[in-house]
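Each chain, written out:
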Amino acid sequence: MAGASLAAELAPYASVVMLEAEDQPGYHATGRSAAFWDECYGGPDIVPLTLASGAFLREHDLLTQRGALHIARREDKPKVDQFFAEFADTGATIERLGRDRMIEKLPGIRAEWVDAVWEPACSDIDVGALHALYLTRAKKTGADLAVSRRVIKANQQGDGWYLLSADGREFRAAKLINAAGAWADELADMAGCDKLGITPYRRTVVQLRTNPVPSPKQPLVLDISGHFYFKPESGRLWLSPHDEEPSPACDAAPEELAVAAAIDRLQKVVDIEVERVETKWAGLRSFAADRLPVYGVDARNTDFFWFAGQGGFGIQTAPAAAKLAASMLLERPIPATLAAIDVTRYSPARFG
């Protein structure tokens, strides 16, 4: 999503090639997303990017409103208070619900869950359609997509970058944009730039057949302490233990312990029978140490541009992030709709 969205914004004004390591784009994190747009997801510093992306996603009919319910037990009340303190002035729409309203949103919720934060604007994202939209726009405006082109060498020469892919193909470019996700630090090191400590973390999701079948109107349900989330999807339940295990950059696979933990946590929330684990998958979410994305030119090499570290919020913030990065690369004014976003907070310069 990172590469496709930025290519779509750049292609009308520049010659662009997207080098994709896999046989098809979107194989890793993009194709394994839990697919929701949540105003508060990622923390207060991500809210401006999420809100600024909402108009684009609605304009293209890519959001289906669902609502998000962050649930808490009595002992978790300080975390609910902290949630409201953190997001009170961000522009996100949040409301506090008591036990009765929680039951309306999630029938069968167990008695120990008594407090909640309600986000009415939370929506499902049609990730496949968004990704296809960007790829189509990029292609129509002249960008090239080269699949199965894993970069194994990146040298800067007098007239720009010389890139070599694993199949022996050569590419040349004036600027190299690092939209490599979990491989971002690896690409930077290959290009002679300092690594920024962008670390991939594994996140597991399972699809369950349950009794009763979840209502399609059920909200996204998240633990205020960050131990699980789940939502209905086509008559099934998508569930994650909200795991975050450091991982090498790889084709991530789910761990059985994570799957078992997810089901155990679910059954402590609602009275539900898990009839079958129908499928399971894992993806890598990549973060810098401060959990903020990295957008901008490298501190030492202005021809190397970072567009990475977008964690689990890279899809829901893609429209705003791509427009911001394109403005920087093309040295154009930031669009008026994004002018209130402080892009310096995302700059690689913050690492020194």
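Residues numbered from 1 in each chain as written. Predicted model: local features only at pLDDT ≥ 70, side-chain atom pairs only at ≥ 80, totals over all residues. Heavy atoms only, no water.

**Student:** Is there a simple way to think about the overall build of the protein in this case?
**Tutor:** When you go through the protein residue by residue, the secondary structure sums to 8 helices and 20 strands. Its C-alpha atoms give the protein a radius of gyration of 21 Å, near enough to 20 Å, the size a compact globule of 352 residues would have. Principal-axis analysis of the C-alpha atoms places the extent of the protein at approximately 70 × 40 × 35 Å. Split into buried and exposed, the 352 residues of the protein put 50% on the buried side. Once local pairs closer than 6 in sequence are excluded, the contacts in the protein between residues at least 24 apart make up 72%. When the accessible surface of the protein is split by element, carbon and sulfur atoms take 49% of a total near 15,900 Å². For the protein, the centre of its 39 positive side-chain charges and the centre of its 48 negative side-chain charges are spaced 2 Å apart. (Helix = DSSP H or I, 4+ residues; strand = E, 2+ residues; numbered from the N terminus. Rg over C-alpha atoms; globule rule 2.2 N^0.38 Å. Buried < 20%, exposed > 50% of the residue type's maximum accessible area, 1.4 Å probe, protein only. Contact = heavy atoms within 4.5 Å. Areas by Shrake-Rupley, 256 points an atom, 1.4 Å probe, with all protein chains shown as cover. Lys, Arg positive; Asp, Glu negative; His and termini not counted. Charge placed at Lys NZ, Arg CZ, Asp CG, Glu CD.)

**Student:** Quick question: what am I supposed to make of helix α8 (residues 318–330) here?
**Tutor:** Residues separated by three or four positions in an α-helix point in the same direction, a consequence of the helix having 3.6 residues per turn. For α8, spanning 13 residues, the distance from its first C-alpha to its last is 18 Å, which sits close to the expected 18 Å at 1.5 Å a residue. Within α8, 10 of the 13 residues are buried, leaving the element largely enclosed by the surrounding structure. Among all positions of α8, only Ala318, Pro319, Ala320, Ala321, Ala322, Leu324, Ala325, Ala326, Ser327 and Leu329 are buried. The inward-facing, buried residues of α8 contact α1 (2–10), α2 (47–59), α5 (127–140), β12 (176–178), β19 (294–297) and β20 (304–308). Remark: Glu331 follows α8 within two positions and exhibits a positive phi of approximately 55 degrees. (Expected span 1.5 Å × (residues − 1).)

**Student:** I keep staring at the nonpolar core and nothing clicks. Help me out?
**Tutor:** Grouped together as the largest cluster of nonpolar side chains are 51 residues, with contacts concentrated most on Leu130 and Tyr134. With 7 residues, α8 is the single largest residue contributor to this core. Each of domain 1 (1–33 + 127–194 + 293–351) and domain 2 (74–120 + 199–287) gives at least three residues to this core. Setting aside residues up to four positions removed in sequence, Leu130 forms contacts with Met1, Phe56, Leu57, Leu62 and Ile315. (Core = buried A, V, L, I, M, F, W, Y, C linked by side-chain atoms within 4.5 Å. Domains from an automatic or database assignment.)

**Student:** Would you mind showing me how to read the pairing of strand β14 (residues 220–223) here?
**Tutor:** As a general feature of sheets, a regular strand has side chains that alternate between the two faces. Judged by which residues are buried, β14 turns out to be covered on both faces: Leu220 and Leu222 on one side and Val221 and Asp223 on the other are all buried. Taken together, the 4 bridges between strand β4 (residues 68–73) and β14 define a ladder with parallel strand orientation. In the strand pairing of β14, Ile71 is matched with Asp223. Bridge count for β14 against strand β15 (residues 229–233) is 2 bridges, and the pairing is antiparallel. Note on β15: the bridge partner recorded for Leu222 is Tyr229. The loop that links β14 with its antiparallel partner β15 comprises 5 residues; one of these, Gly226, has a positive phi angle of about 80 degrees. (Pairing = 2+ DSSP bridges.)

**Student:** Got a minute to help me understand the pattern of salt bridges in this structure?
**Tutor:** Close approach of charged atoms lets side chains of opposite charge pair. Throughout the structure, instances matching the rule amount to 28 salt bridges. Of the charged contacts in the structure, one is a salt bridge between Arg150 and Glu22, with a shortest N-O distance of 3.2 Å. A residue pair is termed long-range when its members are at least 10 positions apart, and Arg150 in the loop between β8 (144–146) and β9 (151–157) and Glu22 in the loop between β1 (17–19) and β2 (36–37) qualify at 128 residues. Assessed through its relative accessible area of 32%, Arg150 is described here as partly exposed. Between Arg32 and Asp251 there is a salt bridge whose closest N-O contact spans 2.6 Å. (Salt bridge = Lys/Arg side-chain N within 4 Å of Asp/Glu carboxyl O.)

**Student:** Looking at this structure, I do not really get α2. What am I missing?
**Tutor:** The end-to-end C-alpha separation of α2 is 19 Å, in line with the 18 Å expected for 13 residues at 1.5 Å each. The sharpest bend along α2 measures roughly 30 degrees and falls at Ser53. Turning to α2, its buried residues are Val47, Leu49, Thr50, Ser53, Gly54, Phe56 and Leu57. Those residues of α2 hidden inside the fold are in contact with β2, β3 (63–65), α3 (77–87), α5, β19 and α8. Of the residues one or two after α2, Asp61 is the one with positive phi, at around 55 degrees. (Bend = angle between axes of the 7 residues up to and from the residue.)

**Student:** It is not clear to me how the side chain of Thr204 should be interpreted in this structure. Could you clarify?
**Tutor:** Here Thr204 is to be found in strand β13 (residues 199–211). Here Asp243 takes part through its side chain, which lies 2.7 Å from a polar atom of the side chain of Thr204. Setting aside chain neighbours within four positions, we find Thr204 in contact with Leu239, Ser240, Pro241, Asp243, Pro254, Glu255, Ala258, Val259, Trp281 and Ala282. (Polar contact = N/O pair within 3.5 Å; in protein donor to acceptor, adjacent residues only side chain to side chain.)

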